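Fold and geometry: a report
Here is how the chains run, residue by residue.
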Amino acid sequence: MTAKVRFYPAPLLRTLVAIVCAFLLTRWSSLAVLALPWQPEQSVVAGMLLGFSIFAATVIWVFVAGSLRSACLGILPAGAFLMYFSQQGGL
Amino acid sequence: MIAPLGAGVRQRMAQLHRWAGLLLGWLLFVIFLTGTLSFFRQEITLWMQPERPLVSETVPSALALEQASGYLQRHASEASHWTVTLPGTRDRLVHLNWRGANGQGQVYLNPMGGEVIPVRDTRGGDFFYRFHFQLHYLPVLFARYLVGIAAMLMLLALISGVITHKKIFKDFFTFRSGKGQRSWLDAHNGFSVLALPFHLMITYTGLVTLMMLYIPWGLNQAFPEPEQRQRLISDVFAVIPTEPPSGERTPMVALPALLAQAEAHWEGAKVGRVQVSNPGDRHARVVMEARSDQPDLLGIRGHPPFLVFDAGSGEPLREKVSAPAYDTYGLLLGLHLGRFADWPTRWLYALLGVAGCGMLASGLILWSVKRRQKPGHSAVGLWLVDRLNLATLAGFPVAVVAFFWLNRLLPAAWPERSQWEIHGLFLAWLAMLIHALIRPLHAGWREQLGLAGALLLGLPVLNMVTTERGFATSLVAGDWLFVGFDLALIILAALMFRFARQKRAS
């Protein structure tokens, strides 16, 4: 029996979205950690350690999601959350 | 209950796995191979400098430091920086480095008598270590970014590879020989699953080693001033900032006394390296660094603890900062570098590194084997992948062995000798690439693998002819490094001949 494969946008577009989203989320997460009530030195290092996982997880998520739209919908709240706190961390 | 993953997800993961693995797969193979060799960095350097005598007795660190300090005061008193690497378990000579306005220098001292050991000019194992993360001939920053991108692709390929497999552990115990594509897939699964935790650890920690380069935003935001950033970097990476000299001469406290103070502070942990900045000046500082291979006393750390002393008064000024994030980073870095490892652990690291090379090689070959069976495949793309596979998977090992051959063949007085060893490696690799482009594929594999086997097998003979540390002599003298090196070469030669024979049979 062969499973029916759902339509998904061209891999190139998905790759592009994955890289852009992963880059932004990584950047915001490394800044958002600065908003935590830790010593800044500790937050900086923790943000870097976290960054690679965020990047990899975002790319995987974009490829796991059934469609590019659902991938973006999933990323949106995470992006909003991290962007908000990255602004707090920058203050 | 967790619903099983749909075919669409698996297909997309397979696609990600395929392209993430292929895009920089050849570069990753080279990075993995040189990284694996780097676990034996010091041993390779020792083999490449056969003039160094076999020192079996351990000399007290204080005595070795006293000899080193005396030599530096006599020959490098005007230098701005001294570094003394004390005898350890892997290298029993004292290594001195100095630099200053009049240039730089280095010598090896025999700790038994304090005499200078003249050695041939070679980068030794350090070449593989540097190449592993900053390649060669390329601008350092560009190369480090490229290696970082390759490492991230590797991490993505590993995660997507796990997700795409339906029966990952069952597949691990399956190997169907002589079945073409199926056999390559089984081999790829075997190499991948066997060492999966290692592959994940070494890839993630590899990214972490250069994290300040790849993820700089938090650092720049929290510490906008360069001096602040330098302070953090010196805390995290144990880079010791040097003060400018005052110009006022001041006698220094005897270094062995500071060594004893540092070892007492670390409750018996041994000092591995001593650095002196502005020796003989009022601003002279002495940094005592502990040896990395003492995990029972110091834990696993990327950068060992250090103590900074005022060289004039002998007063301790500063020590390595310990904090949760720094220590986590240190642990990850320590796991990647493997400097804490004793011999069995080092060999385990090396074998898992070889499994990583096998995983990458079988994955790259699998890509072309699968593609060849698909109707309507791109002939140019397949031709290119096949040729790059041959030139990298067989050609790069040939080039590495050529590097060792050149170490024994180039005269000791050859100008820029160490650089020519490296040029020789890349010229040999280029020759393998040209060979891969002009020869029929099967013949190319057979010839390059056969050549790698022949060069590996010839190396112990060349070593015996050109040095006084051949297999039999080393065996009698109990020189296990040279004996082990020769045995490893013979085993690798046998493997290469076996692969070449398999290619002939197929």
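Residues numbered from 1 in each chain as written. Chains lettered and ligands numbered in written order. Predicted model: local features only at pLDDT ≥ 70, side-chain atom pairs only at ≥ 80, totals over all residues. Heavy atoms only, no water.

**Observations regarding the interface of chain B and chain A**
Counting residues at the interface gives 36 residues for chain B and 32 residues for chain A. Summing the contributions of chain B and of chain A, the shared interface buries around 3,000 Å²; its carbon and sulfur component is 79%. Among the residues of chain B in contact with chain A, Arg 12, Ile 215 and Trp 217 of chain B are the three that bury the most area, contributing 25% of the side total. The interface formed by chain B and chain A contains five residue pairs in polar contact (both at pLDDT 80 or more). Elements that contribute at least two residues to the side of chain B that touches chain A include exactly helix H1 (7-23), helix H6 (140-164), helix H9 (196-209), helix H10 (211-214), helix H11 (217-222), helix H12 (226-237) and helix H15 (324-337) of chain B. For the side of chain B that touches chain A, a count of residues per class yields 28 nonpolar, seven polar and one charged. (Contact = heavy atoms within 4.5 Å. Buried area = accessible area lost by both parts, 1.4 Å probe. Polar contact = N/O pair within 3.5 Å; in protein donor to acceptor, adjacent residues only side chain to side chain. Helix = DSSP H or I, 4+ residues; strand = E, 2+ residues; numbered from the N terminus. Nonpolar A, V, L, I, M, F, W, Y, C, P; charged D, E, K, R; others polar.)

**Thoughts on the sheet that holds strand E7 (residues 306-310) of chain B**
All names here are of chain B. Taken in spatial order, the eight strands line up as E4-E3-E2-E1-E5-E6-E7-E8 in an open sheet, and their pairing is antiparallel. Since the sheet does not close on itself, it has two edges, and those belong to strand E4 (116-117) and strand E8 (316-319), each with one partner. Both strand E3 (residues 103-109) and E4 contribute to a ladder of two bridges, which runs antiparallel. For Tyr 108, the partnering residue across the bridge sits in E4 and is Ile 117. Sheet contacts for helix H4 (residues 61-75): strand E1 (81-85), strand E2 (94-100), E3, E4, strand E5 (271-277) and strand E6 (285-290); angle to E2, the most-contacted strand, approximately 30°. Its contacts with the sheet place helix H13 (residues 255-265) against E5, E6, E7 and E8, and it is angled at close to 45° to E6. (Pairing = 2+ DSSP bridges. Axes fitted to C-alpha atoms, helices over the stretch in contact; angles between N-to-C directions.)

**Considering the confidence of the model for chain A**
When pLDDT is averaged along chain A, the result is 86; 86% of the residues meet or exceed 70. Residue range residues 1-9 of chain A is modelled with pLDDT below 50. Its contacts to residues more than four positions away, or to other chains, number 12 contacts. (pLDDT = per-residue confidence, 0-100.)

**Concerning the UniProt feature "transmembrane region" (unreviewed entry) in chain B**
All names here are of chain B. Using the residue numbers shown here, the UniProt feature "transmembrane region" (unreviewed entry) corresponds to residues 20-40, 142-163, 191-215, 347-367, 388-406, 418-437, 449-465 and 480-500. Helix and strand shares over residues 142-163 are 100% and 0% respectively, and the end C-alpha atoms of the span are 32 Å apart. Measuring from the first to the last C-alpha atom of residues 388-406 gives 25 Å, for a span that is 100% helix and 0% strand. (UniProt positions renumbered as here; feature names shortened; annotations may be inferred.)

**Focus: the pattern of salt bridges**
Residues and elements named next belong to chain B. Counted according to the given criterion, the structure contains 13 salt bridges over all chains. Between Glu 248 and Arg 282 there is a salt bridge, and its shortest N-O distance comes to 3.0 Å. Of this pair, Glu 248 sits in the loop between H12 and H13 while Arg 282 sits in the loop between E5 and E6; the two residues are 34 residues apart in sequence, bridging distant segments of the chain. The exposure class assigned to Arg 282 is partly exposed, which follows from its relative accessible area of 41%. (Salt bridge = Lys/Arg side-chain N within 4 Å of Asp/Glu carboxyl O. Buried < 20%, exposed > 50% of the residue type's maximum accessible area, 1.4 Å probe, protein only.)

**What to know about helix H2 (residues 25-38) of chain B**
The terminal C-alpha atoms of H2 of chain B lie 19 Å apart, and with 14 residues this matches the ideal 20 Å at 1.5 Å per residue to within 8%. Buried residues dominate H2 of chain B, accounting for 13 of its 14 residues. (Expected span 1.5 Å × (residues − 1).)

**As for helix H1 (residues 11-32) of chain A**
Compared with the 32 Å implied by 1.5 Å per residue over 22 residues, the 30 Å span of H1 of chain A between its first and last C-alpha is a close match. By the burial criterion, the buried members of H1 of chain A are Arg 14, Val 17, Ala 18, Cys 21, Ala 22, Leu 25, Thr 26, Trp 28, Ser 29, Ser 30, Leu 31 and Ala 32 of chain A.

**Things to note about the UniProt feature "transmembrane region" (unreviewed entry) in chain A**
All names here are of chain A. Per the UniProt record, the feature "transmembrane region" (unreviewed entry) sits at residues 12-38 and 44-64. In residues 12-38, helix accounts for 78% and strand for 0%; the two terminal C-alpha atoms are 40 Å from one another. When the span residues 44-64 is considered, its composition is 100% helix and 0% strand, and the gap between its end C-alpha atoms is 30 Å.

**Describing the packing of helix H16 (residues 343-373) of chain B against helix H17 (residues 379-409) of chain B**
Residue and element names in this part refer to chain B. Packing of H16 against H17 brings their axes to within 10 Å, and their N-to-C directions diverge by 155°. The pairing of H16 with H17 is recorded here as roughly antiparallel in orientation. In this structure, H16 meets H17 at a crossing whose hand is left-handed. Across from Ala 361, Leu 364, Ile 365, Trp 367, Ser 368, Arg 371 and Arg 372 in H16, the residues of H17 making contact are Leu 382, Val 385, Asp 386, Asn 389 and Leu 393. Broken down by class, the residue content of the contact of H16 with H17 amounts to seven nonpolar, two polar and three charged. (Parallel < 35°, antiparallel > 145°, perpendicular 65-115°, else oblique. Left-handed = near helix turned anticlockwise from the far one by under 90°.)

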